Amino acid sequence: MKSAILLASGLIAVTAARLAAARPSAPAPLEVVDSTADFDRVWRSTADLPDEQRVAAFEAGFAKILPGFYAADRVKDYMTPEHYRRFVLKGLKSYPENQAGIHRVSRQFESLVAPARKQFESIFGPMRGYPPIYLVVSFGEFDGGTRDLPEGTRLMFGADVIDKLYSTTPIKPFVEHELFHLLHHRTFPDCEPVWCNLWEEGLATYVASTLNSGASDTALGLTFPGPLRQAVEAHRQEAVCAVRSRLSSKEPADYGPLFMGGGEPLSPNLPRRFGYYVGLLVVSDIGKTRSLKQLAALKPEEAHVLVEQSLARMASCEPMRT
């Protein structure tokens, strides 16, 4: 009897072990990869090279750490290889001026991100199963955003720009804005028309403003290259109609001035990137009857209709372009 009991218990243990092995493991929590120390090391290893050799050596050295990030091919849509090499060389030469600030951000980044992540996850659930997010030296390219690398799209934070923009401005709204993009990308596929950018950026800004009651426009990213709220409110009809007439456009000449810092403004009255504030107005309107989670779950076809309806309520415009 005793041997039978031992045999049975052994079978149970083996079965339990097999079930545990077969059960899929929980997705890994979100990981932050700080590449600034690697940047410093590769920078030092190329510091004594002539200018004409240094950029290629730096790119080759860093390609082993973060493949594709410091490569001309990543920016081919808006920069020639020659232009990009000059851009990288300038960044390498100016690094000593920015080094202390970059190191400060590196030391503090985990503690800066933690409160934002904690509140964000309390609303949207644990951030698990996502690719790592990276802290990099961006040569002034960005404070945060997604970038396409050979391994896939990755959320990245620029330590050099964060040092300049957030030394006296709360960083939590900005971090939550970027975390929302990461989450939203799972259920809202990439699409090119202006209305997609309006929805995605307006929604991320709305999430950040809702989670940070009383956050300043600076903290919400609405003061670059100038005060967006004041400009749009002073010329709301023009701003809304400028967006409505371009909703279906996929042309850089249309979405660039609305959501990017470069290029020519669409009007002397409307600064570049004013689409962020119009997007915030749209989502604030739609969000009157929906929670943050409900807004995040809207399918593209649903969001598209709601965006058009909201803009139509804001202003009467000439017929939209097709």
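None of these values were measured; they are calculated from a predicted model. (Residues numbered from 1 in each chain as written. Predicted model: local features only at pLDDT ≥ 70, side-chain atom pairs only at ≥ 80, totals over all residues. Heavy atoms only, no water.)

The tally for this structure, following the rule as stated, stands at 16 salt bridges. Across the pair D73 and K76 runs a salt bridge, and its minimum N-O distance is 3.7 Å. The same class applies to D73 and to K76, which are both exposed. Note that D254 and R246 form a salt bridge whose closest N and O atoms lie 3.1 Å from each other. We classify R246 as buried; its relative accessible area is 15%. Put simply, R74, E141 and R147 are held in one network by salt bridges that share partners. (Salt bridge = Lys/Arg side-chain N within 4 Å of Asp/Glu carboxyl O. Buried < 20%, exposed > 50% of the residue type's maximum accessible area, 1.4 Å probe, protein only.)

Spatially, 4 strands are ordered β1-β2-β4-β3 in an open sheet, and the strand pairing comes out mixed. In the strand order of this sheet, the two ends are held by β1 (32-34) and β3 (144-149), each with one partner. Sheet twist, expressed as the mean angle between neighbouring strand axes with direction ignored, is 35 degrees. Note that β1 and strand β2 (residues 133-136) share 3 bridges and pair parallel. Each bridged residue has a counterpart across the sheet, and for V33 the counterpart in β2 is Y134. (Pairing = 2+ DSSP bridges. Helix = DSSP H or I, 4+ residues; strand = E, 2+ residues; numbered from the N terminus. Axes fitted to C-alpha atoms, helices over the stretch in contact; angles between N-to-C directions.)

Moving on, we come to helix α4 (residues 81-124). With 44 residues, α4 extends just 41 Å between its outermost C-alpha atoms, more than 12% less than the 64 Å of an ideal straight helix rising 1.5 Å per residue. Taking the largest bend as the criterion, α4 deviates by roughly 65 degrees, centred on E97. Phi turns positive one or two residues past the end of α4, at G125, with a value near 95 degrees. (Expected span 1.5 Å × (residues − 1). Bend = angle between axes of the 7 residues up to and from the residue.)

Scanning all chains against the criterion turns up 2 disulfides. Across the disulfide from C191 sits C196; the S-S distance is 1.8 Å. Its S-S torsion of about -120 degrees marks the bond between C191 and C196 as left-handed, since a negative value means left-handed. With a relative accessible area of 25%, C191 lands in the partly exposed category. Covalently, C241 is tied to C317 through a disulfide, its sulfur atoms 2.0 Å apart. The chirality of the disulfide connecting C241 with C317 is left-handed, given an S-S dihedral of about -85 degrees. Taken together, the residues span a long stretch of sequence, with C241 in helix α9 (residues 236-244) and C317 in the segment after α13 (300-314) at a distance of 76 residues. What connects to what in the protein chain, once the bonded cysteines are numbered by sequence position, is 1-2, 3-4. (Disulfide = S-S within 2.5 Å.)

What follows deals with the nonpolar core. Membership of the largest hydrophobic core comes to 93 residues, with the highest contact counts inside it found for F39, W199 and L311. No other element matches the 12 residues that α4 contributes to this core. (Core = buried A, V, L, I, M, F, W, Y, C linked by side-chain atoms within 4.5 Å.)

Turning our attention to the side chain of D40. With respect to the helices, strands and loops of the structure, D40 is situated in helix α2 (residues 36-46). In this structure the side chain of D40 is engaged in a polar contact, spanning 2.7 Å, whose partner is the side chain of R44. (Polar contact = N/O pair within 3.5 Å; in protein donor to acceptor, adjacent residues only side chain to side chain.)

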